[in-house]
Amino acid sequence: MALQFRKQILSAERFESTGVFDVNGDGIPDIVSGAFWYEGPDFKKQYRLANLEPQGDYFDDFSTISMDINGDGRIDFVTGGWWGGTLRWRENPGVSGKLWPEHIIAETGNIETTRAWDIDGDGELELVPNTPNHPLVVYKLIRDANGRGTGKFDAHKLKFAGRENDKQGHGLGFGDVTGNGRGDFIFANGWLEAPPNPYEDEWIWHPEFEFPWGAGVPILVVDLNGDGVSELIVGQGHGYGLAYWTQAQKGNGSRIWTQHPIDPFSSQFHDLQWVDIDNDGKCELVTGKRFRAHPHNEPGLFDPVGWYIYKWTGEGFAKIIGDFGPFGSGHGLGISFAVADLTGNGRLDVIAPGKEGLAIYYNEGDGMKEMPLIS
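First things first, this report covers the structure right here in the doc. (Residues numbered from 1 in each chain as written. Predicted model: local features only at pLDDT ≥ 70, side-chain atom pairs only at ≥ 80, totals over all residues. Heavy atoms only, no water.)

1. Some thoughts on the overall build of the protein chain
Then comes step 1: When helices and strands are counted, the protein chain shows zero helices and 30 strands.
Then comes step 2: For a compact globule of 375 residues, the expected C-alpha radius of gyration is about 21 Å, and the protein chain comes in at 20 Å, within 12% of that figure.
Then comes step 3: If you line up the protein chain on its principal axes, its C-alpha atoms span 60 × 50 × 40 Å.
Then comes step 4: Put simply, the protein chain has 375 residues, and 57% of those count as buried.
Then comes step 5: For the protein chain, contacts bridging at least 24 residues in sequence account for 49% of all contacts bridging at least 6.
Then comes step 6: Of the roughly 15,200 Å² that the protein chain leaves accessible, carbon and sulfur atoms contribute 49%. (Helix = DSSP H or I, 4+ residues; strand = E, 2+ residues; numbered from the N terminus. Rg over C-alpha atoms; globule rule 2.2 N^0.38 Å. Buried < 20%, exposed > 50% of the residue type's maximum accessible area, 1.4 Å probe, protein only. Contact = heavy atoms within 4.5 Å. Areas by Shrake-Rupley, 256 points an atom, 1.4 Å probe, with all protein chains shown as cover.)

Following this line, the structure appears as structure tokens:
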């Protein structure tokens, strides 16, 4: 694989999450990050949508999940963070330059970040915040008879037993571990097997592994070798390490999980995406460093900043550098980055937020340097 990316700096703003969707209804994708949105196709016009006060090194804004929440045909987005302790949505007013009203979905406690997954298999995405010190709750948008959002959500606290407490911990993933077609939840110290009715039935707890503290979000559930059995890909958000874990079933129905390193020499992997970035029909792992994930001395804090593509070769992963260098030169990927085709050329671009600013990496298709295989 060979890829080349053209870097465009959009802003020096320190927001760590971004999303791509059509804000103004002109059919052209726009970029939303923190308190601003950037109008496509050149993203040079910046519009304020909120007034956000910094919380030390951070902002209380750790996700940018787009959906039409109130059914008015305009795309809104969901956010929330550690300090406010709430899951919130911002309402698209349909007027450029006007502030977006904020609505509280729920009082959740500290949110590491939020992701959207189809938990009940109905084709619609539900909201799942990673609240390390609180239970796992799924928030489902209530729709009217015509399928339009009503601006309200049902909260479903999942039922499960066999665990000392119901706190999530740092790190969360979702995907089919068993191969039965239902999505399971992954924690840092085990996984929850989904029942037929996810909101009414009891989930089964499997304490089969223990990832180091600080697992990122999401923990990916993917079938790397196409054998119908899923592997887990885990990045460490507050230390060194990126690895995948293979499963083997024991006679009693439980599983043994084996760790395989992908990149033990890089750190602070918070967001991971499994996408086909080189257009070869197979997905690659895209991830990178969250610059100053914690603003104190943790492993890898002062290392150079970068983001990377990891290509599965059938035996391990080859590492391809998207960007890399000291602060001021290299760029990471924040807590929630975006991958989207911004130009309509059929190639996925990378939109990189972070405390070092907001940047676009336009995918130009070839010429990228490949690093040695890590097996």
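2. Let's talk about the environment of V234
Then comes step 1: Following the sequence through the fold, V234 ends up in strand β20 (residues 231-235).
Then comes step 2: When the C-alpha atoms of V234 and F291 are compared, they prove to be 18 Å apart, with 57 residues separating the residues in sequence.
Then comes step 3: Look past the residues within four positions of V234 in its chain and what remains in contact with it is F211, A215, I219, G241, L242, A243 and W245.

3. Regarding the sheet that holds strand β22 (residues 255-261)
Then comes step 1: What the four strands build is an open sheet, ordered β19-β20-β21-β22; its pairing is antiparallel. Strands at the two margins of the open sheet, each flanked by one partner only, are β19 (220-222) and β22. Averaged over all pairs of adjacent strands, the angle between their axes in this sheet comes to 25 degrees, without regard to strand direction.
Then comes step 2: In terms of strand pairing, β20 meets strand β21 (residues 242-249) through four bridges, oriented antiparallel. Residue pairing for β21: I233 is matched across the bridge by Y244. (Pairing = 2+ DSSP bridges. Axes fitted to C-alpha atoms, helices over the stretch in contact; angles between N-to-C directions.)

Treat this as a map of the structure, not an account of what it does.
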